[in-house]
Amino acid sequence: MASLLLLTHFLCFTFTAIIPIFSPVSAEPAAKTYIFRVDSFSKPAIFPTHYHWYSSEFTEPVNILHVYDNVFHGFSASLSPSQAASILQHPSILAAFEDRRRQLHTTRSPQFLGLRNQKGLWSESDYGSDVIVGVLDTGIWPERRSFSDLNLGPVPTHWKGVCQTGDKFTAKNCNRKIIGARFFSKGHEAAPGFGGIGGGGINDTVEFKSPRDADGHGTHTASTAAGRHAFRASMSGYASGIAKGVAPKARLAVYKVCWKNSGCFDSDILAAFDAAVSDGVDVISISIGGGDGISSPYYLDPIAIGAYGAVSRGVFVSSSAGNDGPNGMSVTNLAPWLTTVGAGTIDRNFPAEVILGNGRKLSGISLYAGKPLNGKMYAVVYPGKSGVLSASLCMENSLDPHLVRGKIVICDRGSNPRVAKGLVVNKAGGVGMILANGVSNGEGLVGDAHLIPTCAVGANEGDAIKSYIASNPTASATINFHGTVIGVKPAPVVASFSGRGPNGLNPEILKPDLIAPGVNILAAWTDAVGPTGLDLDNRKAEFNILSGTSMACPHVSGAAALLKSAHPDWSPAAIRSAMMTTASLVDNRLQPMTDEATGKPATPYDYGAGHLNLDLALDPGLVYDLANEDYVSFLCAIEYGPKTIQVITKSPVNCPMKKPLPENLNYPSIAALFSTAARGVSSKTFFRTVTNVGDTNAEYRVKIEAPKGVRVSVKPDKLVFSEKVRKLSYYVTITVDSKNLVLNDSGAVFGSLSWIDGKHVVRSPIVVTQMSPL
């Protein structure tokens, strides 16, 4: 594998003939799946289709899995390493990469985003009724009320897709709401060790070989983006209210690319992008990412490649920022044509509390809905005091029944699923669980539908309980549950797990772009598994409460559907700009947003441009627009060669003789990087262009909030628009003096630049940092 990756890396940078590096061995290694980017202009006219060409061109029979025609030209195939090496030598092959496994990034939120029934974006867009949202996920449970087509009009005329049938999924499962559904399993089935027992297939004891959702994640994200708005909902009494997605009348196209217990494979994801664009979707929602903390360069990342193909055809793509926060540089899905979404809290919570025998009360959270403890005190123990890690984590078979029987058990968070720890405690005879965060999780809490009485607490509370136990041999405790609380302050708060900047590939582009609700979100659920997703959980739930940037991403997908419906002529970049420049920086106390992990004020590395605010995004005043050639210029600027760029763009490109600057991509944020080697005063100048989408005759003046120790100047400082002048450009010069620049804990300082006309505030974050030269 290492040899092949080296070969692929060499090919993508040089595109010269491949040197055979596979030495003869007695047994050919097992086949793997490879994705090949082909120069489509090389196809001989004699072949009617690319499939015929690919099938006939290569000397050895090729087991083709997918042929890509829309967002990507090429194919995926299951091959031995020697077959892959042979194909790589063909002159029409631009690049190849091995199939990788990806992970999922796992009611009241529409109001929290500023949506109102009688006016604003909902009414202006007719709730998104003419827009199609494509969801790449685990499929859908179509019988849910969230997917009713009652009183919906005809299917939009630009829809060209299909309703693919399969296991327990018929044509009748599609309607005027779920207008199309497909599933993609060939990459999954070809991957050794995945699919079924022994790998290589779909395990039909836990999965459906169809668009039907056996996992729940896809049903949840689809209903978050576009669930209907008509009925009361809750999860076992928690989060009771009227069920509604962000774009309640938007149509859904379902693309099942992820499979229960085995993730999502690049070759299938790319095939879904290809189909979605051909089908006619307007928005793509993809809550999937690498999950390994490492971001591949764009030309080796099928999500980035597929998204470019979609965005280049006018499709807005929303993606999740990943759940590896609060560590810095943990944000994923970094391509500048993607809208990358982090997670924040909403003003609803599910409080629980631990009451210790000494009378002390410690706050936490729980979605436990079973028989309560009714104030009865129980002995409380911490198995981790023995120093055995597996016992502290309450791993399977790690607890001594003699130690925990009849007691409340403290379990540390990590390694195994949070709810699974409770089952381990129960199996050993425990009566309840206190789930304690470690230092890495800090005070960030998420609700879980626990099967035994459980309260999750932050790291500080966990330490306090452990200290109480250590100093008191007769330590006791009980757990109280307080249901649902609305109007929690502060909110939003940046979720501790949300992926953080800076951008690990190109720090000149600030990522994440913004945050949206992603903590304790109520949405529809599958009947195939209980709300915990555990095999032993036999409960049925129409709705479930989940947390993750997976939940934040479809909020932005639904928002994009509303904006697309209200402004059909807006490009994906214009829609993103409208969200970013109107995003909120304050919580419901009107104080700066805080970081859940630290309790300190959050920064653009945490929330990007801010928290989604749809009350303002409908009318942003000005937008920062981008076209395909702008992204090509950016790829030239980061020193991708023409052939490497063609891997992403499909079409051949020529980079200009004078290399562009990556920071001059017309993005709604500004990130200024200065070398740590520079001494004295240094300056950088940035170029931006704004398009007026507000009142025809408008005059904007600049307002600068310079980062501490930084000088910022803007020329011109006034922009005057008219019927003939819709676009205007300006320069921003950022100057630092190394003697006065004091960076904060995240290695940067932050400010902003806003254009104000008395009605609109068009705000862009400014990030200034220093980096060591290569």
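The structure presented is a predicted model; accordingly, all values stated were derived computationally and were not measured.

Comments concerning the overall build of the protein chain
Across its full length, the protein chain carries 19 helices and 37 strands. When the accessible surface of the protein chain is split by element, carbon and sulfur atoms take 53% of a total near 29200 Å².

Describing the state of the cysteines
Every disulfide links exactly two cysteines, by a covalent bond between their sulfur atoms. Counting across every chain of the model gives four disulfides. Two residues share a disulfide in this structure: Cys163 and Cys174, whose sulfurs sit 2.0 Å from each other. Between Cys163 and Cys174, the S-S torsion sits near 85 degrees, and that sign places the bridge as right-handed. Here Cys163, found in the loop between strand S6 (132-137) and strand S7 (178-183), pairs with Cys174, found in the loop between S6 and S7; they are eleven residues apart in sequence, far enough to count as distant. Between the sulfur of Cys394 and that of Cys411 lies a disulfide, 2.0 Å long from S to S. The chirality of the disulfide connecting Cys394 with Cys411 is left-handed, given an S-S dihedral of about -85 degrees. In this pair, Cys394 is assigned in the loop between helix H10 (389-392) and helix H11 (401-404) and Cys411 in strand S21 (residues 408-412), connecting sequence segments 17 residues apart. Looking at Cys394, the relative accessible area reads 0%, which means it is buried.

Quick notes on the nonpolar core
Counting 64 residues, the largest nonpolar core has Ile140, Leu252, Val425, Met579 and Leu612 as its most contacted members. Among the elements that take part in this core, helix H14 (residues 549-566) stands out by supplying seven residues, more than any other. The two domains that each donate at least three residues to this core are domain 2 (110-347 + 492-617) and domain 3 (351-483). Beyond its immediate chain neighbours, meaning those up to four positions away, Met579 contacts Phe316, Leu514, Val556, Ala559, Ala560, Leu563, Leu612 and Ala617. Counting residues in hydrophobic clusters, the runner-up holds 62 residues, among them Ala275, Ala304, Ala573 and Ile638.

Concerning the sheet that holds strand S4 (residues 93-98)
With respect to topology, four strands assemble into an open sheet ordered S2-S3-S1-S4, the strand pairing being antiparallel. If you trace the sheet from one side to the other, it starts and ends with strand S2 (63-68) and S4, each paired once. Here the average twist between neighbouring strands, direction ignored, is 25 degrees.

Side note on the pairing of S21
S21 sits mainly inside the fold: five of its five residues count as buried. Residues Ile408, Ile410 and Asp412 point to one face of S21 and Val409 and Cys411 to the other, with burial holding for every one of them. Here two bridges tie strand S20 (residues 378-381) to S21, and the two strands are oriented parallel to one another. Residue Val380 lies in a different strand from S21, and its bridge partner there is Ile408.

Things to note about unusual backbone geometry
Following Gly325, the chain continues to Pro326 via a peptide bond in cis, the omega torsion being 5 degrees. Within the element layout of this structure, Pro326 appears in the loop between strand S15 (316-320) and strand S16 (339-344). Cis rather than trans, the peptide bond between Gly501 and Pro502 has omega equal to 5 degrees. Considering the arrangement of structural elements, one finds Pro502 in the loop between strand S25 (485-486) and strand S26 (514-517). Here Lys168, not a glycine, exhibits a phi torsion of approximately 55 degrees, which is positive. Assignment of secondary structure puts Lys168 in the loop between S6 and S7.

Quick word on the sheet that holds strand S30 (residues 670-675)
Ordered by their spatial adjacency, five strands build an open sheet running S30-S37-S36-S32-S34, and the pairing between neighbours is mixed. Here the strands that pair on one side only, and so sit at the sheet edges, are S30 and strand S34 (718-721). For this sheet, the mean inter-axis angle between neighbouring strands, taken without regard to orientation, is 20 degrees.

A word on the packing of aromatic side chains
A full pass over the atoms with the stated rule returns 18 aromatic pairs. An angle of 25 degrees between the planes, with centres 6.4 Å apart, marks the rings of Phe184 and Tyr255 as stacked. Of this pair, Phe184 sits in the loop between S7 and helix H6 (186-190) while Tyr255 sits in strand S10 (residues 251-256), and the two are 71 residues apart along the sequence. Its relative accessible area of 9% is what places Phe184 among the buried residues. According to the relative accessible area criterion, Tyr255 is buried, its value standing at 1%. Plain terms: the ring middles of Tyr299 and Tyr640 are 5.2 Å apart, the flat faces sit at 70 degrees to each other, and that makes the pair edge-to-face. Of this pair, Tyr299 sits in the loop between strand S14 (288-289) and helix H9 (302-311) while Tyr640 sits in the loop between helix H18 (628-637) and helix H19 (642-649); the two residues are 341 residues apart in sequence, bridging distant segments of the chain.

What to know about helix H2 (residues 50-57)
Taken as a whole, H2 has its buried residues at His50, Trp53 and Tyr54. Angular distribution of buried residues about the axis of H2 spans 95 degrees; they occupy a single face of the element. Among the structural elements, strand S1 (32-38), S2 and strand S3 (74-79) are those in contact with the buried residues of H2.

Structural notes on the environment of Ser278
In this fold, Ser278 is placed in helix H8 (residues 266-279). For Ser278, a relative accessible area of 41% puts it in the partly exposed group. Spatially, the C-alpha atoms of Ser278 and Gly161 are 7.6 Å apart, while their sequence positions differ by 117 residues. Ignoring sequence-local partners within four residues, the contact set of Ser278 consists of Asn70 and Lys160.

Side note on the pairing of strand S22 (residues 432-436)
Burial runs high along S22: five of the five residues are buried. Residues Gly432, Ile434 and Ala436 of S22 are buried on one face, and the alternating residues Met433 and Leu435, pointing to the opposite face, are buried as well. Pairing analysis gives five bridges linking S21 to S22, with the strands arranged parallel. Of the residues in S22, the one forming a bridge with Cys411 is Leu435.

Description of the environment of Pro351
By the element assignment, Pro351 lies in strand S18 (residues 351-356). Between the C-alpha atoms of Pro351 and Ser363, which are twelve residues apart in sequence, the distance is 7.1 Å.

Looking at the pattern of salt bridges
Applying the stated criterion to the full structure yields 25 salt bridges. Residue Arg145 is joined to Glu542 by a salt bridge in which the shortest nitrogen-to-oxygen separation is 2.9 Å. With a gap of 397 residues between them, Arg145 in the loop between S6 and S7 and Glu542 in the loop between strand S27 (521-524) and strand S28 (543-546) connect regions that are remote in the sequence. We classify Arg145 as partly exposed; its relative accessible area is 39%. For Asp606, the salt bridge identified is with Arg500, shortest N-O distance 2.9 Å. Taken together, the residues span a long stretch of sequence, with Asp606 in helix H16 (residues 604-607) and Arg500 in the loop between S25 and S26 at a distance of 106 residues. Here Asp606 matches Arg500 in class, with each residue buried. Sharing partners across several salt bridges, the network here consists of Arg102, Asp266 and Asp301.

Focus: H18
In an α-helix, one turn spans 3.6 residues, which is why side chains three or four residues apart end up on the same side. Listed as buried for H18 are Tyr631, Val632, Phe634, Leu635, Cys636 and Ala637. In this fold, the buried residues of H18 make contact with H9, helix H15 (572-581) and H19. Looking at the residues trailing H18, positive phi occurs at Glu639, about 70 degrees.

Rules and cut-offs
- One numbering rule holds for all chains: residues counted from 1, following each sequence as written.
- Owing to the predicted nature of the model, reporting of local features is limited to residues with pLDDT of at least 70; listing and counting of side-chain atom pairs is limited to 80 or more, with chain, interface and lining totals taken over all residues.
- The side-chain quantities take in all heavy atoms of the structure and omit both hydrogens and water.
- A run of H or I in DSSP becomes a helix once it reaches four residues, and a run of E becomes a strand once it reaches two; helices and strands are each numbered from the N terminus.
- Each accessible area is a Shrake-Rupley result for a 1.4 Å probe, and residues are judged covered by the shown protein chains and nothing else.
- By disulfide we mean two sulfur atoms from cysteines, separated by a distance within 2.5 Å.
- For the exposure calls, accessible area comes from a 1.4 Å probe over protein chains only, and a residue counts as buried if that area is under 20% of its type's maximum, exposed if over 50%, partly exposed in between.
- Definition of nonpolar core: a set of buried residues of the types Ala, Val, Leu, Ile, Met, Phe, Trp, Tyr and Cys, connected through side-chain atoms within 4.5 Å.
- Domain delimitation in this document rests on an assignment produced automatically or drawn from a domain database.
- Note on contacts: a residue pair qualifies if any of its non-hydrogen atoms lie within 4.5 Å across the two residues.
- Strands are treated as partners if at least two bridges between them are detected by DSSP.
- For helices, the axis comes from a line fit to the C-alpha atoms of the stretch in contact; other axes are also lines fit to C-alpha atoms, and the angle between any two N-to-C directions lies between 0 and 180 degrees.
- Stacked, edge-to-face and tilted labels apply to pairs of Phe, Tyr and Trp rings (six-membered ring for Trp) whose centres lie within 6.5 Å, assigned for plane angles under 30 degrees, over 60, and everything in between, in that order.
- For this quantity, the arc is that covered by the directions from the helix axis to the C-beta atoms.
- Salt bridges are defined as contacts in which a side-chain nitrogen from Lys or Arg sits within 4 Å of a carboxyl oxygen from Asp or Glu.

Just distances and angles here, no functional claims.
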